[in-house]
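One-letter residues, chain by chain:
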Amino acid sequence: QSALTQPPSASGSPGQSVTISCTGTSSDVGGYDYVSWFQQHPGKAPKLIIYEVTKRPSGVPDRFSGSKSGNTASLTVSGLQAEDEADYYCNSYAGSNNLGIFGGGTKLTVL
Amino acid sequence: EVQLVQSGAEVKKPGESLQISCTGSGYTFTSHWIGWVRQMPGKGLEWMGFIYPGDSDIRYSPSLQGQVTISADKSISTATLQWGSLKASDTAVYYCARLNMGLLTIDYWGQGTQVTVSS
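What counts, and at which threshold
Residues numbered from 1 in each chain as written. Chains lettered and ligands numbered in written order. Predicted model: local features only at pLDDT ≥ 70, side-chain atom pairs only at ≥ 80, totals over all residues. Heavy atoms only, no water. Buried < 20%, exposed > 50% of the residue type's maximum accessible area, 1.4 Å probe, protein only. Helix = DSSP H or I, 4+ residues; strand = E, 2+ residues; numbered from the N terminus. Pairing = 2+ DSSP bridges. Axes fitted to C-alpha atoms, helices over the stretch in contact; angles between N-to-C directions. Phe/Tyr/Trp six-rings, centres within 6.5 Å; stacked < 30°, edge-to-face > 60°. Polar contact = N/O pair within 3.5 Å; in protein donor to acceptor, adjacent residues only side chain to side chain. Contact = heavy atoms within 4.5 Å. Buried area = accessible area lost by both parts, 1.4 Å probe. Salt bridge = Lys/Arg side-chain N within 4 Å of Asp/Glu carboxyl O.

**A short note on unusual backbone geometry**
All names here are of chain B.
- Within the chain, S77 stands out as a residue other than glycine whose phi angle is a positive 50°.
- A relative accessible area of 21% places S77 in the partly exposed class.
- At L104, a position not held by glycine, the phi torsion is positive, near 50°.
- Tracing the sequence through the fold places L104 in the loop between strand 9 (92-100) and strand 10 (105-109).
- Here L104 falls in the buried class, since its relative accessible area comes to 18%.

**Description of the sheet that holds strand 3 (residues 18-25) of chain B**
Residue and element names in this part refer to chain B.
- Strand order across the open sheet formed by four strands is 1-3-8-7, with antiparallel pairing between neighbours. Here the strands that pair on one side only, and so sit at the sheet edges, are strand 1 (3-6) and strand 7 (69-73). Looking at each pair of strands side by side, their axes are set apart by 20° on average, direction ignored.

**Quick word on the sheet that holds strand 5 (residues 64-69) of chain A**
Residues and elements named next belong to chain A.
- Spatially, the three strands line up as an open sheet ordered 2-6-5, and their pairing is antiparallel. Looking along the sheet, the strands with just one partner apiece sit at the ends: strand 2 (18-23) and strand 5. Neighbour to neighbour, the strand axes of the sheet diverge by 20° on average, direction disregarded.
- Note: strand 5 against strand 6 (residues 72-77), six bridges, orientation antiparallel. Paired with S67 across the bridge in strand 6 is S74.

**Focus: the packing of aromatic side chains**
- With the rule as written, the count across this model stands at 12 aromatic pairs over all chains.
- Taking 5.5 Å as the distance between ring centres and 80° as the angle between the ring planes, the aromatic pair formed by F38(A) and W109(B) counts as edge-to-face. Taken together, the positions of F38(A) in strand 3 (residues 35-40) and W109(B) in strand 10 put the pair across two chains. An identical accessibility class is assigned to F38(A) and W109(B); each is buried.
- Seen from their ring centres, Y95(B) and W109(B) are 5.9 Å apart, and the 85° between their planes marks the pair as edge-to-face. Taken together, the residues span a long stretch of sequence, with Y95(B) in strand 9 and W109(B) in strand 10 at a distance of 14 residues. The same class applies to Y95(B) and to W109(B), which are both buried.

**With respect to the side chain of T78(B)**
Residue and element names in this part refer to chain B.
- Tracing the sequence through the fold places T78 in strand 8 (residues 78-83).
- The exposure class of T78 is buried, given its relative accessible area of 8%.
- Here T23 takes part through its side chain, which lies 2.9 Å from a polar atom of the side chain of T78.
- In terms of polar contacts, T78 uses its side chain to reach the backbone carbonyl oxygen of I76, at 2.8 Å.

**Quick notes on the interface of chain A and chain B**
- At the interface, 18 residues of chain A touch 23 residues of chain B.
- In this assembly, chain A packs against chain B so that about 1,600 Å² is buried in total across both faces, 65% of it on carbon and sulfur atoms.
- Of all residues in chain A, the largest losses of buried area upon contact with chain B belong to P46(A), L99(A) and F102(A), amounting jointly to 39% of the total for that side.
- At the junction of chain A and chain B, the tally comes to zero salt bridges.
- Our count for the chain A to chain B interface comes out at five residue pairs in polar contact (both at pLDDT 80 or more).
- Only strand 3 and strand 7 (86-92) of chain A provide two or more residues apiece to the side of chain A that touches chain B.

Shown next as structure tokens:
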């Protein structure tokens, strides 16, 4: 199974919005509403910020939102803040006999 | 509070064996799959495999099967990842993670264990 495709980098100024894409196939992203997004700061463990395409765990700011269209899921970070600078990874369920697939990661820089 | 606490950093030589651990607390350890995720230096996240501690059902990534062994001891709420013969390419940070099968996501992560293999 191939990794989901994410842009290697994204950037925006404080207060702006930025969207990160995650492209898969009809066997993963397009086939199920089980896309998650994780935020990872340098030297830290990843943290769940979006699950089931659009849902936020308790404590995650509503500046983070998720969506999906066809085989592409997206993470939007609105009102960028300095602490949003991190790596972001998408992950999709890909069927019961599959471990699930991660994207290659996107480094978000707050200018 | 759910916690996954991993064993400390390791420095090993090629050919040596190694076992790292992940101890769960704050939840019923036998009721959730635990996965192991590899992050090689400067790279992304990669599933290695999962284990269900309740019955020790194990699923390995096809690309890594045979290179590592995943196990769990439910009496001490601990999952382990072991290598019989390390290679330099095993140098990475290894995370354990709890799967939430209702939401089909990872809801908790361990802090990570740095493994360095160098002669």
